[in-house]
Amino acid sequence: MRGLRSLSVGLLSAFFSTTFGLFFPPHVEQLPTITVQTSGSLIALPYDENFLFKCEAKGNPRPTYRWTKNGMDFDPHKDPRLIKEESSGTFVIPNNKDKAKYQGKYRCYASNKLGTAISEEAEFIVPMVPKFPKEKAEPVVVTEGDSVVLECNPPQGIPPWQLYWMTNDLRHIEQNERVSMGLNGNLYFSNTVVSDSHDDYCCFASFFKIRTIVQKPRMVLRVKPMNSTEGDDGIRSVQKRKPKMLVPYSHSTTHLKKGDELELECIAEGLPTPEVEWIKMLDQLPKRSHIKNFGKLLTIPAVTELDEGKYMCKAKNDLGEDVHHFNVVVEEPPSWQEEPVKSQLAEIGSDIHIKCSATGKPQPTITWKRNGQPLDDFPSTNRKVLDNRIIILGAEQRDTAVYQCEASNKHGTLLANTNVLVMNHPPLILTHNYLEYATMLGKSLMMDCKVFSSPPATLNWRREDPEGSVDGERYSLLKNGSLQIHKVEMEDMGQYKCLASNSEGTASITTELFIKDSTRIVEAPQDMKVKRGLNAELECQVECDPTLRRELEILWLKDEINILSNFSERYFTDDGILQIVNVSNNDQGNYTCIVRTSLDQDTASAYITVLDVPDPPVQLTLTDLKDRSVRVNWAAASDHNSPITEFIIQYEENHWEPEKWKELLRVASSQFSAPLTLYGHINYQFRVIAVNAIGRSRPSMPSERYKTPPCAPDRNPENIKIEGHLPHQMDISWEPLLPVEHNGPGLEYKLSYRLLGVEDSWKEQMVKRHLFVVRDTPTFVPYEVKIQAFNRHGWAPEPRVVTGYSGEDLPLAPPEDVSVEVLNSTLLRVSWSPVPQTTLRGHLGGYTVHWWQTQSLLTSKRIPSERQSLTIPGNRSHTMVLGLKPFSEYSLTVNVFNRRGNGPSSSPISFTTPQGVPEKPPILRATNFQKNSITLVWAPPHETNGFLTGYLLQYQIVNDTLGELNSVNITAPDTTQWVLHDLREENSYEFYLRACTQVGCGSAISEEGITIPEAFVHNISTFVSDTSARISWRTSGERSDLQLYVTIMNHSDGIWQLSEALNTSKGFHLIEGLSPGTVYTVRLQASRRVDVPSIFEEVFKTRKVSSKQAGGTQEWFVGMMCAVALLTLLVLIGCFVMKNKGGKYAVKEKEDSPADPESHGMGEETPGEYSDNDEKPLKSSQQLFRDKEDDSSEDFSMTSEDEDCEFNEDGSFIGEYSGYKRRESTEVNGHAPVTS
């Protein structure tokens, strides 16, 4: 674009070929390149199925293949026994008896019209079964003391192999400093003894790869005793001699390849047997060197250049020494100094350099080939061959070929194929057009523009949309054509164009860059501590760019290992939460949350510390062993991240309670030993438990047992009890010693007792039990008692003396000076004088107050005696008596008691209680809701606690707020109904009623009620049948369209059922599905709640259905069905006849349909209009209350007659419903009466 700066670079073909390699588009011709090949040695082992020679190559045109064997052409397709692959040059040699004919060196050639690539040489080796030659060896005869060599000369075979010497019965020949086998397999005797004589020395060779062991024919060695003269001491001796080398025979130079194992061997003969010593001249032996075979073999594994040099072995004995020098030379196979270029693309007329630089020891020889043939076979005037390179000047298309370089020395050969393609081609951009790149702010980004061209193309990058520059420090154009943007900014977003051009043409691509929001962890996992066995949760919440949400991946690592791939059994992940179920100690570690998209990632880590009980203490030992003490020592183990707080030392003994461990001592966590005080005559063992905040560890391993010697008891019995269950005896009991406290066998107790202050001498008794009864004692007198333990080894320390009393008897006298003080109508204070100790005859237990009501002062009726009592423990002489009934006469007595029982009661005292306040009235009902008044009906309290003087009635409005509390004093005690006037219309009221006596008023009972519009609901009636009931009403006034509810209760289950909301204008409601002969209560109310006052309430019983009526109904139903069927048949016949006559007929539809029986009932609400043969109307109301008017209120009196509940024939209920019979008032203020 004009006015915009751009970034450009020229791409050199040499740069592509040497650094990045060439990528050729599919339609561009390419030289062959070997991709798969077989190299080295291929040994035909007997257990292999076949032998594979691979050769695969790529190129354009597709390469063809040929093989050479030992330098001669070899065509696998002409041999039917070989298996060929048609798509490549690969062939397979089967493992059969003819495989030996294929032994040789193979090479593959892959060719197309541009050139030929060759593979490395592969040698096929068919090993022969190694065999020792069949020869008969003459016996080897030597004189005692001479050296001798038994030669093995093993056959050649596939390494590795192992050589060893045995006898015919497969016993190994014992080897030592005198007799040993060399690396060549020969058995060397530095000197011989007569016992070396054997007829069956056999050399064995084991070849592992071919699974073969061969044996050389046995050899005979005979050692003749030496015929020497006796020495000065008269003992025959063998002639001694100084050492002489048997192996090696002369000074030598050892050549070996770098990385191989160096083996230097020195075996000498002599008498006495020589010892061998190894030295590296002018240096020390490498630390990794080893001396083997009784000092005769020096080995150095994986030799390097540093191991070169001169080595010396020295064999010596008492008579002298012999030495041998080794010159060790470490050599190397060929290796590339610089990896040869695999492909070069050159433009026509350019100079081409092909370099092949190798190193090795000896220095490798470089050989050049072209298309698999010697380079000399292709004379050229524009080519120069130097030591390690070829230069082609002014290359032409005919110079296109595969050039081979081989670097060889005696340790191996390296082969490199270099494809040289000489051509001119216009730029071809290999990167796709319209690629989209995305990255985050602050990141670096590279946008590709890979180009294939010859000569090299010049690349130019520029901004397209929006227009802008790619020049500056943040932009870099790489040599491969890519544009790199450092620290991306928001303004970098947009389109970019890459333009490539050379002498052959131009090409371009457009790319677009998008900037995304970074992926980041917003709620990282937190370090946590968790108890073993519980569950743990780590949370990792992330935010990322919305367009990357689908590819967002959350990974969890534990100690750098992927959890779901390696620990999936108890680990669960869900939406960034890692849950570990049943945490174990192995779950402790560092957990890393990795959230990543294709563009970036974020990480956060947390450490989970697993808390557990400690491991058991270890290294338990016993020290300082004494008769009655020992010290136990231990070491703490892992505390599992919760510090140890203490150690518990337990013991077990195997005599009294074997295998039962008991706690002996607790020590602080800082202590790792503790002295233990022991009992005598116990066989102990100990263990230690560690404790931390999580809990107790498993016990340690128990210590060894330690038995203490017997001794006298350490202490006497405790908790001595002296009791008298009968008047003339004394029971003495005590807490016996524990079995481990016996300290020895034969434990007994010496019991001593005497009268306190009366007797000087002790009466003694030896007992084995822990209970003794002293009989014929005076009643309740003090004794002194002591008990001393004894066993066969002595007495316990002198016991302490305790005091107790002999048996008790019942008290003889009652309390005196009993008096009462009436505090109020229910509370009494009682006092008395204490009973003297002489008449108590025992330990004072306390006093018991008895009282009973004798008469009610309200009714003057005698009341049957029902005694009540109150026990006062200890030496008290007064108490309070609660819960007395007011206005009553009582009697009261007091008696004393001891452990033996109660004494006689005092003379009865009579007293009376004053009047009290009445109980709460049991029933208060609000009824007859009117526009400005509500009628309240109640029952008097069960207990008036005095003479009833009247009632206190209070009420207040309870709508959204509480209104003023109003009070009405009702002075007539027999009043049970009251009408409140001048109330506000359509308001809710709360009523409180208290009964009163001269003393005051009692607790209140409350009730709710509402005032309603004038003439709201009236003329309520009920009609009942066997399975249904109908409740009807009339409404008037402005509020005639309000909603009502009907509730009904079956008396058998006591459950209320509520109807749906009914419009008052409907005038009736039908209740169906009732059970015949069942008692129900029905209510009509203005609220859905069943616990609020109702407008109307009725109790009725449904009619019973007789069997005759039921049978008649069934017969009527069957007859009706038959009549309908007959009538239908006649109508069908008539229609058929009329149709056959061709006539027409019309059916006159009835325009006036019958009225709905329910809607019909909404007219006049009279019993006759709704009753039928099976139903009878109930009375619309029952007069339970009769009206009695005066100026201020309407008083209603309660009926006092007891009448049995019964039902009339019409099903109406007569009798008591709520516990009190009440009469319904007649019409009040001109309106129909209602019941509550």
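Refer to the structure above for everything that follows.
Here goes a summary of the coordinates provided.

**Notes on the state of the cysteines**
Summed over the entire model, instances satisfying the criterion amount to 7 disulfides. What pairs with Cys266 in a disulfide is Cys313, and their sulfur atoms sit 1.7 Å apart. The sign of the S-S torsion, about -75°, decides the handedness of the disulfide formed by Cys266 and Cys313: left-handed. Placement of Cys266 in the loop between strand E23 (262-265) and strand E24 (267-271) and of Cys313 in strand E28 (residues 309-317) is noted, with a sequence separation of 47 residues between them. For Cys266, a relative accessible area of 0% puts it in the buried group. Two residues share a disulfide in this structure: Cys996 and Cys1001, whose sulfurs sit 1.9 Å from each other. Between Cys996 and Cys1001, the disulfide has an S-S torsion of 95° and is therefore right-handed. Among the residues examined, Cys996 registers a relative accessible area of 7% and is labelled buried. Of the residues examined, Cys1001 reaches a relative accessible area of 35% and is grouped as partly exposed.

**Description of the nonpolar core**
Core analysis: the largest hydrophobic core is formed by 28 residues, its most contacted members being Phe53, Trp67, Phe91, Ile93, Tyr106 and Phe124. Among the secondary structure elements, those contributing two or more residues to this core are strand E2 (30-37), strand E4 (50-53), strand E5 (55-60), strand E9 (91-94), strand E10 (104-112) and strand E12 (122-125). Sort the elements by how many residues they give to this core and E10 lands first, with 3 residues. With near-sequence residues (within four places) excluded, Phe53 lies in contact with Thr38, Leu42, Trp67, Gly89, Thr90, Phe91, Ile93, Tyr106, Ala122 and Phe124. If you look at the next biggest cluster of nonpolar residues, it comprises 24 residues, including Leu45, Val148, Trp165 and Leu221.

**Quick look at unusual backbone geometry**
Here the residue pair Asn60 and Pro61 is connected by a cis peptide bond, since its omega of 10° sits within 30 degrees of zero. With respect to the secondary-structure elements, Pro61 resides in the loop between E5 and strand E6 (64-69). At the junction of Ser454 and Pro455, the peptide bond is cis and its omega measures out at 0° in the coordinates. Residue position: Pro455 is located in the loop between strand E42 (451-454) and strand E43 (458-465). Even without glycine at this site, His681 takes up a positive phi of about 60°. Positioned with a positive phi, Glu986 is a non-glycine residue whose angle comes to about 55°. Within the secondary structure layout, Glu986 lies in the loop between strand E84 (977-980) and strand E85 (988-997). We classify Glu986 as partly exposed; its relative accessible area is 45%.

**Thoughts on the sheet that holds strand E36 (residues 389-392)**
On the basis of which strands lie adjacent, the open sheet formed by 3 strands has the order E31-E36-E35 and antiparallel pairing. Each edge of the sheet is formed by a strand with only one pairing partner; in this case those strands are strand E31 (352-355) and strand E35 (383-385). Averaged over all pairs of adjacent strands, the angle between their axes in this sheet comes to 10°, without regard to strand direction. Bridge count for E35 against E36 is 3 bridges, and the pairing is antiparallel. Directly across from Arg383, in E36, lies its bridge partner Ile392.

**Some points on the pattern of salt bridges**
Between side chains of opposite charge, a pair can form when the charged atoms approach closely. Taken as a whole and judged by the stated rule, the model has 44 salt bridges. For Glu331, the salt bridge goes to Lys410, with nearest N and O atoms at 3.1 Å. Taken as a pair, Glu331 in strand E29 (residues 320-338) and Lys410 in the loop between strand E37 (401-409) and strand E38 (412-422) lie far apart in primary sequence, 79 residues in all. What makes Glu331 buried here is its relative accessible area of 5%. Close ionic contact of Arg705 with Glu652 constitutes a salt bridge, the shortest N to O distance being 2.7 Å.

**A look at the pairing of strand E94 (residues 1096-1101)**
Two faces belong to every sheet, and in a regular strand the side chains alternate between them. Among the 6 residues in E94, 5 count as buried, and that is most of the element. Where strand E93 (residues 1079-1085) lies against E94, 6 bridges are found, and the strand directions are antiparallel. Following the sheet pairing, Thr1081 is matched in E94 by Val1099.

Reading the values: rules and limits
- Residues numbered from 1 in each chain as written.
- Predicted model: local features only at pLDDT ≥ 70, side-chain atom pairs only at ≥ 80, totals over all residues.
- Heavy atoms only, no water.
- Disulfide = S-S within 2.5 Å.
- Helix = DSSP H or I, 4+ residues; strand = E, 2+ residues; numbered from the N terminus.
- Buried < 20%, exposed > 50% of the residue type's maximum accessible area, 1.4 Å probe, protein only.
- Core = buried A, V, L, I, M, F, W, Y, C linked by side-chain atoms within 4.5 Å.
- Contact = heavy atoms within 4.5 Å.
- Pairing = 2+ DSSP bridges.
- Axes fitted to C-alpha atoms, helices over the stretch in contact; angles between N-to-C directions.
- Salt bridge = Lys/Arg side-chain N within 4 Å of Asp/Glu carboxyl O.

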